[in-house]
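# Geometric and topological summary
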Amino acid sequence: MKTLDNALNRLKSVDQSIEKRYKFLFVTGIFLALQTIFILFYSDYDLIQKGIVSQLIIFFTVSIIVFLYPIVYQITLSNLPKIISVPFGYVISSFLLLRFFPNLNILFKLSFSIFSTFIFYYLVLATNVFLVVEERGRNIPLVRPAKTVFLFIEIITLFFVLTNTFKMILPGAFLELSFIFHMFVVFISTYFFALQYWWSQNLEQELNSLVGNESFVIALVMGISALTISFFPLESFFKALALTTVYYIFISFFQAVALHRVYKGLYIEFLSIILAVVAFLLIS
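Just so it is clear, the model here is predicted, and its values are computed rather than measured.

## Points about helix α11 (residues 236-258)
For α11, with 23 residues, the first-to-last C-alpha span of 33 Å sits near the 33 Å given by 1.5 Å per residue. Positive backbone phi, approximately 60°, marks His260, located one or two places after α11.

Structure follows, in structure tokens:
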């Protein structure tokens, strides 16, 4: 037992001596390899009939472990729930998108794999920055770009998650209840995404003096919006686009209120975004 402890301590010492930038590159390379393997061998198979659910779970699990590896020594039981929602959603949705759009050619899938790997890399970097800020109790020079990058990644991830969600139809007698399933997934996803966003922007204290539970309010609005949009004959891609727009507007509005940055131009920006998305939906 003592020999095992010594070996583990020695291994931990060697691991901690490796610079984080090399760890980031290492885990990014593994994620790219996993996506490439999935594309070449599994992306054309049916999830249920061909029995690749277990393989998907393995891909998901390994990808999450890979994501957590460079930052594992900064993770605690208190901050783990705050950092895992977006990475978990991103990893799952990036693989499922390759499966739910089987008609895409191999070149496009590989291009998507490279794009999603870049997103994965910057997601690890941004999460590391936020954990460093939490550990030190003060901002560091990289925190501002990390916040901007994280908002971009979270919006992309939510769009991926919602696109996959609307692609999932309940089987058999439960078919008519699919819209309830969609509403529930949208509510849960956006609730935890909002929680992680407040943590990443260091706004948890400022938001306590507002509504009280902004994440629940946003999730409730998103759930109702998902229920409403289910009555429109739109493809999953366009439903996800509309709901992601709603999420972005509400998350930005609450942030602006918390930081006392509400101004006329903000409403013009929101209106412009809404009109652009509505126009896009009408011509689609």
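Now, onward.
## Here's the deal with the packing of helix α5 (residues 85-100) against helix α7 (residues 143-167)
Where α5 contacts α7, the two axes come as close as 8 Å, and the packing angle between them is 50°. In terms of orientation, α5 and α7 fall into the oblique class. α7 is crossed by α5, and the crossing has left-handed handedness. Taken together, the residues of α7 that come into contact with α5 (itself represented by Val86, Gly89, Tyr90, Ser93, Leu96, Leu97 and Phe100) are Phe150, Glu154, Thr157, Phe160, Val161, Thr163, Asn164 and Lys167. Of the residues contributing to the contact of α5 with α7, the split by class is eight nonpolar, five polar and two charged.

## Section: a nonpolar patch on the surface
A contiguous nonpolar patch, built from Phe237, Ile274, Val278, Phe280, Leu282 and Ile283 and spanning about 590 Å² of accessible area, is present on the exposed surface. Of all the elements, helix α12 (residues 264-283) adds the most residues to the nonpolar patch, at five residues. Structurally, the position occupied by Phe237 is in helix α11.

## So, α5
For α5, spanning 16 residues, the distance from its first C-alpha to its last is 22 Å, which sits close to the expected 22 Å at 1.5 Å a residue. Burial analysis of α5 places 15 of its 16 residues in the buried class, the great majority of the element.

## Quick word on the environment of Leu131
With respect to the helices, strands and loops of the structure, Leu131 is situated in helix α6 (residues 106-136). For the pair formed by Leu131 and Asn79, sequence separation is 52 residues and the distance between their alpha carbons is 8.6 Å. Apart from residues no more than four positions distant in its own chain, Leu131 is found in contact with Ile71, Gln74, Asn79, Ile83 and Trp199.

## Regarding the packing of aromatic side chains
Where two aromatic rings form a pair, the distance of their centres and the angle of their planes describe that pair. Applying the stated criterion to the full structure yields 22 aromatic pairs. Considering the side-chain rings of Phe60 and Phe95, the 5.9 Å spacing of their centres and the 55° angle between planes classify their relative orientation as tilted. Remark: Phe95 occurs in helix α5 and Phe60 occurs in helix α3 (residues 53-68); sequence separation between them is 35 residues. On the basis of relative accessible area, Phe60 is assigned to the buried category, the value being 15%. With a centroid separation of 5.9 Å and 80° between ring planes, the pair formed by Phe130 and Trp199 is classed as edge-to-face. With Phe130 in helix α6 and Trp199 in helix α8 (residues 178-200), this pair connects stretches of sequence that are 69 residues apart.

## So, unusual backbone geometry
Within the chain, Asn202 stands out as a residue other than glycine whose phi angle is a positive 55°. The topology assignment puts Asn202 in the loop between α8 and α9 (204-207). Unusually for a residue other than glycine, His260 sits at a positive phi of about 60°. Counting through the fold element by element, His260 comes out in the loop between α11 and α12. Classification of His260 by relative accessible area gives exposed; the value is 75%.

## Section: the packing of helix α2 (residues 20-41) against α6
In a packed pair of helices, the relevant descriptors are the angle between the two axes and the axis-to-axis distance. The N-to-C vectors of α2 and α6 enclose an angle of 150°; their axes lie 9 Å apart at closest approach. With respect to each other, α2 and α6 are oriented roughly antiparallel. As for how α2 packs across α6, the hand of that crossing is right-handed. Contact residues: α2 offers Lys20, Phe24, Leu25, Val27, Thr28, Phe31, Leu32, Gln35, Thr36, Ile39 and Leu40, while α6 offers Ile106, Lys109, Leu110, Ser113, Ile114, Ser116, Thr117, Phe120, Tyr121, Val124, Leu125 and Asn128. For the contact of α2 with α6, the per-class residue count stands at 14 nonpolar, seven polar and two charged.

## Notes on the pattern of salt bridges
Applying the stated criterion across every chain, the model contains one salt bridge. When the shortest N-O distance is used, the salt bridge between Arg21 and Glu19 registers 2.8 Å. On the accessibility criterion, Glu19 (40% relative accessible area) is partly exposed.

## Some points on the confidence of the model for the chain
Scored by pLDDT, the chain comes out at a mean of 85, with 88% of its residues at no less than 70. When pLDDT is averaged over each element of the chain, α7 comes out on top at 93 and helix α1 (residues 2-17) at the bottom at 61.

## Thoughts on the nonpolar core
In terms of nonpolar packing, the biggest core is built from 71 residues, with Phe95, Phe120, Leu162, Trp198, Ile218, Met222 and Tyr247 touching the most fellow members. The dominant element in this core, judged by the number of residues it contributes, is α7, at 13 residues. Filtering out sequence-adjacent residues up to four positions away, Phe95 remains in contact with Phe31, Leu34, Gln35, Phe38, Leu56, Phe59, Phe60 and Ser63.

## A short note on the side chain of Thr127
Note that Thr127 resides in helix α6. In this structure Thr127 comes out as buried when scored by relative accessible area, which is 0%. Not counting the four nearest positions on each side in its chain, Thr127 is found in contact with Phe67, Ile71 and Ile83.

So, how was this worked out
Residues numbered from 1 in each chain as written. Predicted model: local features only at pLDDT ≥ 70, side-chain atom pairs only at ≥ 80, totals over all residues. Heavy atoms only, no water. Helix = DSSP H or I, 4+ residues; strand = E, 2+ residues; numbered from the N terminus. Expected span 1.5 Å × (residues − 1). Axes fitted to C-alpha atoms, helices over the stretch in contact; angles between N-to-C directions. Parallel < 35°, antiparallel > 145°, perpendicular 65-115°, else oblique. Left-handed = near helix turned anticlockwise from the far one by under 90°. Contact = heavy atoms within 4.5 Å. Nonpolar A, V, L, I, M, F, W, Y, C, P; charged D, E, K, R; others polar. Patch = residues over 30% accessible without salt bridge, like charges linked within 9 Å, V, L, I, M, F, W, Y side chains within 5 Å. Areas by Shrake-Rupley, 256 points an atom, 1.4 Å probe, with all protein chains shown as cover. Salt bridge = Lys/Arg side-chain N within 4 Å of Asp/Glu carboxyl O. Buried < 20%, exposed > 50% of the residue type's maximum accessible area, 1.4 Å probe, protein only. Phe/Tyr/Trp six-rings, centres within 6.5 Å; stacked < 30°, edge-to-face > 60°. pLDDT = per-residue confidence, 0-100. Core = buried A, V, L, I, M, F, W, Y, C linked by side-chain atoms within 4.5 Å.

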